[in-house]
Amino acid sequence: MVHFFDITKFNLYKEDNRREVKKANGGLPSSLWETYSAFANCYGGVIILGVAENKDGTWRTTGLKSTDRDKLLKHFWDTINNRKKVNVNLLSDQDVEIYEKDEDTIIVIYVPMANREQKPVYINDDIFGGTFRRNHEGDYHCTKLQVKAMLRDQTDNTMDMDVLDDVPISDLNYETIQGYRNRHRALKPAHPFGRLNDSEYLRSIGAAAISNIDKCLHPTAAGMLMFGDEYNIVRHFPEYFLDYREILDPTIRWTDRLQSSSGEWSGNICDFYFRVYNKLVKDIKVPFKTIDGNRIDDTPVHEALREALANCLINADFYGVRGIVVRKETDRIVFENPGYSRTGKQQMKKEGISDPRNKVLMKMFNLINIGERAGSGVPNIFNTWEDQGWVEPVIEEQFDPDRTLLILSFDKKQAIKTSDKKQANKSCHKKQNQKTLENIEKIREYLSKNNISKTSDIAEYIGLSLPRTRAILKEIPDVSPIGNNSNRKWTLQK
């Protein structure tokens, strides 16, 4: 998180959702701990002591002296290690830095994002009254609903693994189960699950389990969500709601709508997925392509939309409010689900880490070849949109209530005219060269501290895209690659 604060840029900074300044002249301000909780429960940030905000938003030092430093730091470490004040200490000595500016002392505290197993991070031994989050307006109290969502996300066993001990298997929708099994057989005719009877099959895919109470087979929460009827599902998930809206004519509120509560169909996740997917792709152009004489009607865009819809369902918090909403508009599709991203929206864009909120639902989709690329679904969507020349997808998180949005626009990236490019190149060529030199020095500095590093880590540090970072790395004579293209790392020659 070093890039959150650079003393050389002090006069350029203003407070935002990742930086907070506090005077601390009379000792540690009590609001420091609210900010600590808020940063830890969001994406991390820096708390900067000995600095105040001017009326225009710029910063000034407040006269904190080096003689105050040791006293403040002792108070800080004593307090953060007091479980009655802060429930978990996320920091070590390296997370606190001291700077001198104009003979004044500045103490910079780097607060990382807590892991989901550590959330909520709260203060004053009060989990509901002392849990905070951060937005552009500052720190705010989390609601009980938000705190309960963090508690649900702590465990490795996801909520869809729960066995519904009071529900008979017969409460599941037989037609949906048979439709799912038929797809599974068609895709994987030799799969060993194909020989099982329905009860054994449901148990094998995680849709049912033996209860510890009566030792009988009952649906799991995943089985109820995937194969139940809506009127049974809402008994266990009162906020459950699936909503597809097609808005292709701005003069009409919607041109098509599908709701789980309509009573006209099962209302479960499995049927929703296939009904909505067919609506999403009906306008997607399919180029004429054959393999072994058979026409292929699938494209990377189809695959990306499957990933997006499955991702929306698999990562939903079905105890969260407002339900799942999928909106198809003339120039974009929006996927919206209750619940914040468990890995953070930046990690969603990277490959390799998958932490679904509903692991059993993911398994059931994987068995029919939907969302089977663990940890690479969202990056695949971004790559597909880039290949199509469309505007980069947007991941947006909203809090109170917690919601995650994936916005896929079909607008083309704006092309720059050749004449404009030439003029722009002349005016900014010198500036680009200077910026490149600055990035080269940043890379050397990073590699000297971290030794062998991945391209993605370097790109995040200097704040550039992966392709641009790779291009710069190849230009640096004293930086050498290690490994092949897919696993390449970089080291600084000494």
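Residues numbered from 1 in each chain as written. Predicted model: local features only at pLDDT ≥ 70, side-chain atom pairs only at ≥ 80, totals over all residues. Heavy atoms only, no water.

(A) Region of the structure containing the overall build of the chain. When helices and strands are tallied, the chain shows 15 helices and 21 strands. Within the chain, the fraction of its 494 residues that count as buried is 47%. Residue pairs at least 24 apart in sequence account for 63% of intrachain contacts in the chain once pairs closer than 6 positions are excluded. Total accessible area computed for the chain in this model is approximately 25,400 Å², and 48% of it derives from carbon and sulfur atoms. (Helix = DSSP H or I, 4+ residues; strand = E, 2+ residues; numbered from the N terminus. Buried < 20%, exposed > 50% of the residue type's maximum accessible area, 1.4 Å probe, protein only. Contact = heavy atoms within 4.5 Å. Areas by Shrake-Rupley, 256 points an atom, 1.4 Å probe, with all protein chains shown as cover.)

(B) Here's a closer look at the sheet that holds strand β16 (residues 332-338). Taking strand neighbours across the sheet as the criterion, the six strands line up as β12-β11-β15-β16-β18-β17 in an open arrangement whose pairing is mixed. The open sheet is flanked by β12 (256-259) and β17 (394-398), the only strands paired with a single partner. Across this sheet, the average inter-strand angle for adjacent strands is 10°, counted without regard to direction. In this sheet, strand β18 (residues 403-409) lies alongside β16 in antiparallel orientation, the contact comprising seven bridges. Pairing of P338 across the sheet is with R403, part of β18. Along the sheet, helix α9 (residues 300-314) contacts β11 (242-247), β15 (324-329), β16 and β18; its crossing angle with β16, the most-contacted strand, is approximately 20°. Its contacts with the sheet put helix α12 (residues 377-388) on β17 and β18, and the angle it makes with β18 is roughly 25°. (Pairing = 2+ DSSP bridges. Axes fitted to C-alpha atoms, helices over the stretch in contact; angles between N-to-C directions.)

(C) How the structure looks around the environment of N439. Tracing the sequence through the fold places N439 in helix α13 (residues 418-450). Residue class for N439 comes out buried when judged on its relative accessible area of 3%. Separated by 25 residues in the primary sequence, N439 and L464 place their C-alpha atoms 9.2 Å from one another. Setting aside chain neighbours within four positions, we find N439 in contact with I462, L464 and I472.

(D) Layout of the pattern of salt bridges. For the structure shown, the criterion picks out 24 salt bridges. Residue D78 is joined to K74 by a salt bridge in which the shortest nitrogen-to-oxygen separation is 2.8 Å. Remark: K74 and D78 occur in helix α2 (residues 66-80); sequence separation between them is four residues, near one turn of the helix. Taking the relative accessible area as the measure of exposure, D78 reaches 45% and is therefore partly exposed. K74 gets classed as exposed once you look at its relative accessible area, which sits at 55%. (Salt bridge = Lys/Arg side-chain N within 4 Å of Asp/Glu carboxyl O.)

(E) A look at the side chain of D402. Mapping D402 onto the fold places it in the loop between β17 and β18. A relative accessible area of 10% places D402 in the buried class. At 2.7 Å, the side chain of D402 and the side chain of R133 are in polar contact. Discounting residues that sit within four places of it in the chain, D402 has contacts with R133, Q146, A149, N337, P338, G339 and Y340. (Polar contact = N/O pair within 3.5 Å; in protein donor to acceptor, adjacent residues only side chain to side chain.)

(F) Structural view of helix α3 (residues 144-152). Looking at α3, one finds that the buried residues are Q146, V147, A149 and M150. One face of α3 carries all of its buried residues, which in axial projection span an arc of 155°. Buried residues in α3 make contact with α1 (31-41), β7 (132-135) and β8 (138-141). (Arc of directions from axis to C-beta.)

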